[in-house]
Every structure is written in structure tokens, then in C-alpha cells.
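Residue-level listing of the chains:
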Amino acid sequence: MKILVTGGCGFIGSNFIRLILNETSHQVINLDSLTYAGNLENLKELEGNPHYQFLKGDIRDQKLAEKILSAGIDAIINFAAESHVDRSILDPQSFLQSNYFGCANLLESCRKFPVKIFLQISTDEVYGPFPKGLADEGCRLNPSSPYSASKAGADLLCFSYHKTFGLPVTIARLSNNYGPYQFPEKLIPLFITNALEDQPLPLYGDGLQVRDWIFVEDACQALLLILEEGRAGEIYNVGGGNQRTNLEVTRIILQELKRSKRLIKYIQDRPGHDRRYALDSNKIKKELGFAPALKFEDGLLLTVKWYQDHKKWWQKVKSGEYRLYYEGFYRQKLGLKKK
Ligand code: NAD
Ligand code: TYD
């Protein structure tokens, strides 16, 4: 298959492209606008690979999308998005633009130049906080942040194109991913890299919020299965079944890096912070036979090791555009004065 992967220079997209090129004979075109989160170094080893092509561009660019699709594309997998909840609180508009209108543009382009599969990458956050039990695919959408609302909007739009125009859309709703190449503004890589630099770990509220963690390579295996065997018009939850509080995750990181828990700094809670996410992933298990391979603690140790071994990668990332974010919002969230 010839696959258009959007947002392939980000965290999950780059892991997915690596998997596809290592384990299948599919061809990949990677369309990415290279926002602060997109990094060509994430796929440096693929330069010159005849099965891989990178195009710098925005998923909102209709002419570009139509040009790519008109050359013949079998499948689209849409990872491209603004993905950080904290930033969506600071700047909701850019989330609507990329996550909703960007997806809309791809769907619309597929009406002119049909594909066999349109796989939209969504999130467990669309179900909102889930105090007890597990959220299955039939649960109502109840997003709390501009990020999750923009993703929920895109999901609804995807299904409208399936029902109205017969587009072969499938949605994968992933739980929190972690692993190599994650931008160090998200909980796990932020805390690992801060601990390595003996900087404070800013834990929101009481730190007892629960997330369901999945190792990124497991999530990518699930996406490959959905791409090859999933049914159009269906939603598949992809969770790791690893529900941990943020404090538990933080303690493992500190223990592994032999740092004191005095590095933990409890700070004001995130506005609209969802207390708990937990996915019911039985559908993908039953229908497609998917189960994550890695236990959470093993995956976390692998991840800690990766960041220890790739200091240059994250030090460069942390010194780029991220620095502005760090100097502004991030220092503010730590209760530090602006420099
Ligand atoms: P990321 O922020 O690391 O990467 C996003 C990528 O998309 C970047 O390379 C960026 O340059 C690109 N991009 C952003 N806007 C674009 C646009 N308008 N046009 C073209 N490219 C654009 O994100 P991620 O963590 O890899 O997440 C990928 C997808 O998975 C997102 O759709 C996100 O909502 C979803 N998701 C992520 C998680 C998670 O834990 N990371 C969990 C559930 C769902
Ligand atoms: P995050 O990695 O931003 O993912 P999401 O908000 O999409 O789940 O955050 C994971 C959890 O960690 C979430 O409950 C918020 C919390 N968190 C902190 O306590 N401190 C931080 O600095 C960050 C980035 C997150």
C-alpha cells in the first residue's frame, strides 16, 4: 500500500513510520508542517530509503492535499495535530485549526480523490474524566479541554463523512503513549529529563490523577493491525491497561534515576484537569487479537534508558522554541519569576 502519514515527524507518527518501514513493504509519504513538535531528526535514519518520502506542508493546505492524493494514495493515517493539553489552555485556536479544520480538509480532499482507508488518530480524552470503570467505544463524548474538544469534533466530522459520503473512515482512540522521541513537555519525558538535570518535577494538584499508559511501539502495532484489518465506520480503543497515578509514575522515574523525591514540586492544578482516564480495549483484543507486549514498569525503564542515552536529542529540543515556552508558561507554572 501507498500510505500518506500526516504528522509523521512527531512522537507517535515517527515511531509508526519506523515500524511500517521495518516490518512491512508499504510505502510512506510523510506530510508534516514541522511545528515545534515536529523534528526531522526523529527519522534521520530513513533519509534515502526508497520506500519513504518526506513533504513539508500543512494538512490545512487543500491544493497540496489534493496534489498528493491525485498521484494515488491507498490509505491516510492522520496523526497531525497540536497535542499538548497545557498549550491548548494557552492557545485554543491553533488546536481547532490543525485538529479540526486540518482533518476536515483531508476528508474533503478524499471526496475528490478516494482512498481505501482513512484512519483518524484520536484519544481517550474525548470521553472526558471517567471516575470509575472503563470507557468503551459506545461511551458519550464529554471532552474537558480545548485539545480534547478539538479531537472529539474531528471524530464526529469523520463519521459524518462516512455516513453521508461513504468515506471508509476508521477511528483509533489511544490512551497516553510514552516511549522514545516524545517531546519533553509531556509528563514522562519532562520528568525524566528534569530529573537528569536535577530540576524540579512540577506535579499538578495532589498528583493522584490517573492515566492509562501504553508503550508507543505497542500502540503502533495496534495501529498497523487496524490499518490492515480494521473495519470502516468503526472505533477502536487502544489502551495499555496500565492505570497509574502521576505520583506513582514520578516515583518510579526518581527511583530509577536515583534522585531524591525532594525534586517533586506540587504546583497549582491544571484548569479543567481530568481526574482519571481508563479505556476498555476489549474490542480490538476480540476482533483483531491485539494485546500490548510490554508491561508498564518494563516500558518505563526502557524509556528512562532511552533518554539517558539520547541526551543530545532532548537537550537540543529543550533549547529550541521550547525555551520560550519554558521561560514563559513553564516558569510561571513552577511559581518562578520570569528571567
Ligand atoms: P506530537 O505533538 O508529538 O506530533 C504532532 C506532529 O504533527 C508534529 O510532527 C507536528 O509538526 C505535526 N503537525 C501539527 N500540526 C500540523 C499541521 N497542521 N499540518 C501538518 N503537520 C502538523 O503528537 P503525538 O504525541 O505524536 O500525537 C500524534 C497524534 O496522536 C495526535 O493526533 C494526538 O492527538 C494523538 N494522541 C496522542 C497521544 C499521546 O499520548 N501522545 C494519546 C492519544 C492520542
Ligand atoms: P500530559 O503528559 O500532559 O498528558 P495528558 O494531559 O494528555 O494526559 O499529562 C499527563 C498527566 O500528568 C496529566 O494528569 C497532567 C500531569 N502533569 C503534571 O502533573 N505535571 C506536568 O508538568 C505535566 C506536563 C503533566
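The structure contained in this document is the topic of the report that follows. From a predicted model like this one, the values you see are computed outputs, not experimental measurements.

This brings us to the nonpolar core. Counting residues in each nonpolar core, the largest one holds 36 residues, and the members touching the most others are Phe16, Ile77, Leu223 and Ile226. Mapped by element, the contributors of at least two residues to this core are β1 (2-6), α1 (11-23), β4 (75-78), β5 (117-123), β6 (169-174), α7 (216-229), β10 (235-238) and α9 (282-288). In terms of residue count, the dominant contributor to this core is α7 (nine residues). Listed in part, the 32 residues of the second largest apolar core include Leu31, Ile76, Ala152 and Leu167.

Reading across the sheet, the three strands line up as β7-β9-β11 and stay open at both edges, with mixed pairing between neighbours. The outermost strands of the open sheet, each flanked by one partner alone, are β7 (176-178) and β11 (243-245). For this sheet the average axis-to-axis angle between neighbouring strands, irrespective of direction, equals 50°. In terms of strand pairing, strand β9 (residues 210-215) meets β11 through three bridges, oriented antiparallel.

Before going further, it helps to examine the site of ligand 1. Within the structure, ligand 1 sits among 29 residues, and Ile12, Asp32, Ser83, Tyr147 and Lys151 are positioned closest to it. A distance of 3.0 Å separates an oxygen atom of ligand 1 from a polar backbone atom of Thr35. At a separation of 2.8 Å, an oxygen atom of ligand 1 approaches a polar backbone atom of Asn177. A total of 830 Å² of accessible area belongs to ligand 1 in isolation, and the protein chains cover 97% of it. Within the residue set of the shell around ligand 1, elements represented by two or more residues are α1, β5, α5 (146-165) and β7. Tallying contributions element by element places β5 first for the shell around ligand 1, with three residues. Taken together, the residues of the shell around ligand 1 break down into 12 nonpolar, 13 polar and four charged.

It is worth spelling out unusual backbone geometry at this point. Positive phi, close to 55°, is recorded for Leu34, a residue that is not glycine. Of note, Leu34 is situated in the loop between β2 (27-32) and β3 (52-56). Phi is positive for Lys258, close to 55°, though the residue is something other than glycine. Relative to the elements of secondary structure, Lys258 occurs in the loop between α8 (246-256) and β12 (264-267). Look at Lys258 and you get exposed, because its relative accessible area is 73%.

Attention now goes to the site of ligand 2. Taken together, 19 residues sit near ligand 2, with Glu125, Pro202, Arg211, Arg270 and His273 positioned nearest. Residue Pro202 places a main-chain N or O atom 2.7 Å away from a nitrogen atom belonging to ligand 2. In the complex, the protein chains occlude 97% of the 510 Å² of accessible area that ligand 2 would expose alone. Broken down by secondary-structure element, the contributors of at least two residues to the shell around ligand 2 are α3 (85-90), α6 (187-196) and β8 (201-204). Residues that form the shell around ligand 2 fall into these classes: seven nonpolar, five polar and seven charged. Looking at which domains feed residues into the shell around ligand 2, each of domain 1 (2-178 + 215-238) and domain 2 (187-210 + 242-277 + 296-334) gives three or more.

A separate point is the pattern of salt bridges. Within the structure shown, the criterion is met by 18 salt bridges. Between Arg60 and Asp58 there is a salt bridge, with its nearest N and O atoms 2.8 Å apart. When the shortest N-O distance is used, the salt bridge between Arg231 and Glu287 registers 2.6 Å. With a gap of 56 residues between them, Arg231 in the loop between α7 and β10 and Glu287 in helix α9 connect regions that are remote in the sequence. A relative accessible area of 35% places Glu287 in the partly exposed class. Each of Arg231, Glu234, Lys283 and Glu287 takes part in a single network of salt bridges with overlapping partners.

Our next topic: α7. A rise of 1.5 Å per residue sets the reference length of α7, with its 14 residues, at 20 Å; its end C-alpha atoms lie 20 Å apart and thus fit the reference within 8%. Across the 14 residues that make up α7, a large majority, 10, are buried. Buried within α7 we find Val216, Asp218, Ala219, Cys220, Ala222, Leu223, Leu224, Leu225, Ile226 and Leu227.

Under the criterion given, the structure shown has 13 aromatic pairs. Geometrically, the ring pair formed by Tyr178 and Phe215 is edge-to-face, given 5.5 Å between the ring centres and 65° between the ring planes. Here Tyr178 is found in strand β7, whereas its partner Phe215 is found in strand β9, with 37 residues between them in sequence. Residue Tyr178 shares its accessibility class with Phe215, and that shared class is buried. Ring geometry for Tyr181 against Trp313: centres 5.8 Å apart, planes inclined by 90°, an arrangement best described as edge-to-face. With Tyr181 in the loop between β7 and α6 and Trp313 in helix α11 (residues 311-319), this residue pair connects regions lying 132 residues apart in the sequence. Taking relative accessible area as the criterion, Trp313 reaches 8% and is therefore assigned buried. Members of the aromatic cluster, connected to one another through ring pairs, are Tyr178, Trp213, Phe215 and Phe296. One residue, Arg111, lies across the ring of Phe165, its end atom 3.8 Å from the ring centre. Here the guanidinium or amino end of Lys283 rests over the ring plane of Tyr236, the centre of that ring lying 5.0 Å away.

How each quantity is defined
Residues numbered from 1 in each chain as written. Chains lettered and ligands numbered in written order. Predicted model: local features only at pLDDT ≥ 70, side-chain atom pairs only at ≥ 80, totals over all residues. Heavy atoms only, no water. Core = buried A, V, L, I, M, F, W, Y, C linked by side-chain atoms within 4.5 Å. Buried < 20%, exposed > 50% of the residue type's maximum accessible area, 1.4 Å probe, protein only. Helix = DSSP H or I, 4+ residues; strand = E, 2+ residues; numbered from the N terminus. Pairing = 2+ DSSP bridges. Axes fitted to C-alpha atoms, helices over the stretch in contact; angles between N-to-C directions. Near = heavy atom within 4 Å. Polar contact = N/O pair within 3.5 Å; in protein donor to acceptor, adjacent residues only side chain to side chain. Areas by Shrake-Rupley, 256 points an atom, 1.4 Å probe, with all protein chains shown as cover. Nonpolar A, V, L, I, M, F, W, Y, C, P; charged D, E, K, R; others polar. Domains from an automatic or database assignment. Salt bridge = Lys/Arg side-chain N within 4 Å of Asp/Glu carboxyl O. Expected span 1.5 Å × (residues − 1). Phe/Tyr/Trp six-rings, centres within 6.5 Å; stacked < 30°, edge-to-face > 60°. Lys NZ or Arg CZ within 6 Å of the ring centre and 35° of its normal.

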